[in-house]
Each structure stands twice: as C-alpha cells, then as structure tokens.
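Chain by chain, the residues:
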Amino acid sequence: MELMQAYQLIEIVSSAYPSFKKACDEKTLRLWSDMLQDADYEKSKAALIKHIKTKKFAPSLADFSIPSNADLSNSQAEMKAWEIIEQSVAKEMQNYTPPDVDKMPISEELKQYLKANRREVKTPFQSTLTPQQEQERKELLQKQIDELARREGGRS
C-alpha cells in the first residue's frame with residue numbers, strides 16, 4: 001500500500017470515529033501508516049468499511065489491516081466467525097442474572113463491600129452451552145488457531 005493510501009484509511013477511521021481523531025497523535029499516525037504499508041489497500045479498505053458498518057468502536061490495526069498476500073475470503077470468514085461468536089454470547093447472556101449477595105455464605109462486612117463495589121458482570125461463571133455446542137466452539141477456535149499459525153508460518 002502506498003503511504004497516501006494508508007493516510008486515506010486513517011482518515012476514514014478518523015471521520016467515522018471522532019474519538020479516534022482526538023486520540024490520534026503524530027506518533028500514532030506514523031505507526032499506523034508504517035504498519036499499513038505492508039497491507040493490501042483494497043482488501044483493507046473493504047474490511048474497514050465492514051467494521052464501520054458493524055462496530056460502534058474504532059478498530060485496531062488488526063481489525064482491518066489485510067496483508068498483501070492474504071485471501072480476502074479468509075478475512076471475511078474470520079470476521080463472520082467473530083460475528084457468530086458475539087451473537088452467541090449475547091444470546092447466552094440474555095437470561096443471566098448475577099448471584100444474590102445477600103444469599104452468599106459470607107460475612108456481612110464482605111457483603112456490604114461487594115454491594116458497594118459491584119460492577120455488572122457480563123460473563124456467567126458457568127457455561128450454558130450443550131456438550132455439542134461446546135465441541136463446536138472448541139473446533140471453531142482450533143480452526144482459528146491453526147489458520148493464525150499457518151499465516152504466521154508463512155511470514156517467516
């Protein structure tokens with residue numbers, strides 16, 4: 001990717017996410033432009049546009065920087081896999097309620113501390129997946145690990 005193309009992608013991020021523009025200093029701009037020079041402009045731009053359409057937070061470089069030798073369909077498949085995971089987690093969490101502190105077998109002092117400092121937990125402590133769903137999730141994660149390892153091996 002040419003330097004001006006890298007700047008164009010950074011400008012797209014800045015336009016879509018005003019908070020990024022505020023946080024983007026000269027050092028960040030230099031780093032991003034350097035890192036994007038190894039990426040394919042068209043594929044990275046397509047990934048960035050997809051990110052903007054589906055995510056409310058600014059992307060990291062890894063979210064849209066597609067190496068020049070990468071296959072776009074693989075990147076899109078990875079993005080689709082993460083969307084499926086996010087949807088699945090959101091669905092699992094719909095009926096989750098955190099444990100009632102008052103019913104815990106702990107001291108009153110600790111109960112008061114927990115109530116005063118409690119934050120909303122977004123992840124249940126116990127899986128609600130069926131054994132088949134757990135196996136599917138493990139297989140999907142293993143495929144992602146294998147693909148990343150394959151890509152890293154190809155860079156050497």
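Quantities reported herein were computed from a predicted structural model and do not represent experimental measurements.

Some remarks on the pattern of salt bridges
Enumeration over the complete set of coordinates arrives at 8 salt bridges. Here R30 makes a salt bridge to E26, at a shortest N to O gap of 3.1 Å. With R30 and E26 both in helix α3 (residues 26–36) and 4 residues apart, this pair spans about one turn of that helix. With a relative accessible area of 45%, R30 lands in the partly exposed category.

Description of the packing of aromatic side chains
Going through the model one piece at a time under the given rule, you end up with 2 aromatic pairs. Here F20 and W32 contribute two aromatic rings whose centre-to-centre distance is 4.9 Å and whose plane-to-plane angle is 50°, an arrangement assigned as tilted. Placement of the pair is F20 in helix α2 (residues 18–23) and W32 in helix α3, with a sequence separation of 12 residues. Through a chain of ring-to-ring contacts, three or more aromatic side chains come together here, namely F20, W32 and F64.

Structural notes on the layout of surface pockets
The calculated volume of the second largest pocket comes to roughly 270 Å³. Surrounding the second largest pocket, I84, I85, S88, K91, E92, T128, L129, Q133, E136, R137 and L140 form its lining. If you list the elements that add at least two residues to the lining of the second largest pocket, you get α6 (72–93) and α8 (131–155). Its residues assigned to classes, the lining of the second largest pocket shows 4 nonpolar, 3 polar and 4 charged.

Focus on the confidence of the model for the chain
Across the chain, the average pLDDT comes to 81, with 87% of residues at 70 or higher. Per-residue pLDDT, averaged within each element of the chain, yields its smallest value for α6 (76) and its largest for helix α4 (residues 41–54) (91).

Observations concerning the environment of H51
As for its placement among the helices and strands, H51 is situated in helix α4. Not counting residues up to four positions away in its chain, the partners in contact with H51 are Y17, F57, A58, P59, D63 and M79.

Focus: the packing of helix α1 (residues 3–16) against α3
The angle between the axes and the distance between the axes are what describe a pair of packed helices. Viewed as axis vectors pointing N to C, α1 and α3 meet at an angle of 125°, and their least axial separation amounts to 9 Å. Taken as axis vectors, α1 and α3 run oblique relative to one another. Every pair of crossing elements has a handedness; the one defined by α1 and α3 is right-handed. Residue-level contacts link L3, A6, Y7, L9, I10 and V13 of α1 to L29, W32, S33 and L36 of α3.

Looking at the nonpolar core
Counting residues in each nonpolar core, the largest one holds 17 residues, and the members touching the most others are M1, L9, V13, F20, W32, L36 and F64. Of all the secondary-structure elements, those providing two or more residues to this core are α1, α3, α4 and α5 (61–64). In terms of residue count, α1 provides more of this core than any other element does, 4 residues in total. When residues no more than four places from it in sequence are discounted, the contact partners of V13 are F20, W32, L48, P59 and F64.

What counts and what doesn't
Residues numbered from 1 in each chain as written. Predicted model: local features only at pLDDT ≥ 70, side-chain atom pairs only at ≥ 80, totals over all residues. Heavy atoms only, no water. Salt bridge = Lys/Arg side-chain N within 4 Å of Asp/Glu carboxyl O. Helix = DSSP H or I, 4+ residues; strand = E, 2+ residues; numbered from the N terminus. Buried < 20%, exposed > 50% of the residue type's maximum accessible area, 1.4 Å probe, protein only. Phe/Tyr/Trp six-rings, centres within 6.5 Å; stacked < 30°, edge-to-face > 60°. 1 Å grid on protein atoms, 1.4 Å probe; cavity = no way out; pocket = protein on both sides within 12 Å on 5 of 7 lines; lining within 4 Å. Points joined across faces, edges and corners; volume = space filled by probe spheres on them. Nonpolar A, V, L, I, M, F, W, Y, C, P; charged D, E, K, R; others polar. pLDDT = per-residue confidence, 0-100. Contact = heavy atoms within 4.5 Å. Axes fitted to C-alpha atoms, helices over the stretch in contact; angles between N-to-C directions. Parallel < 35°, antiparallel > 145°, perpendicular 65-115°, else oblique. Left-handed = near helix turned anticlockwise from the far one by under 90°. Core = buried A, V, L, I, M, F, W, Y, C linked by side-chain atoms within 4.5 Å.

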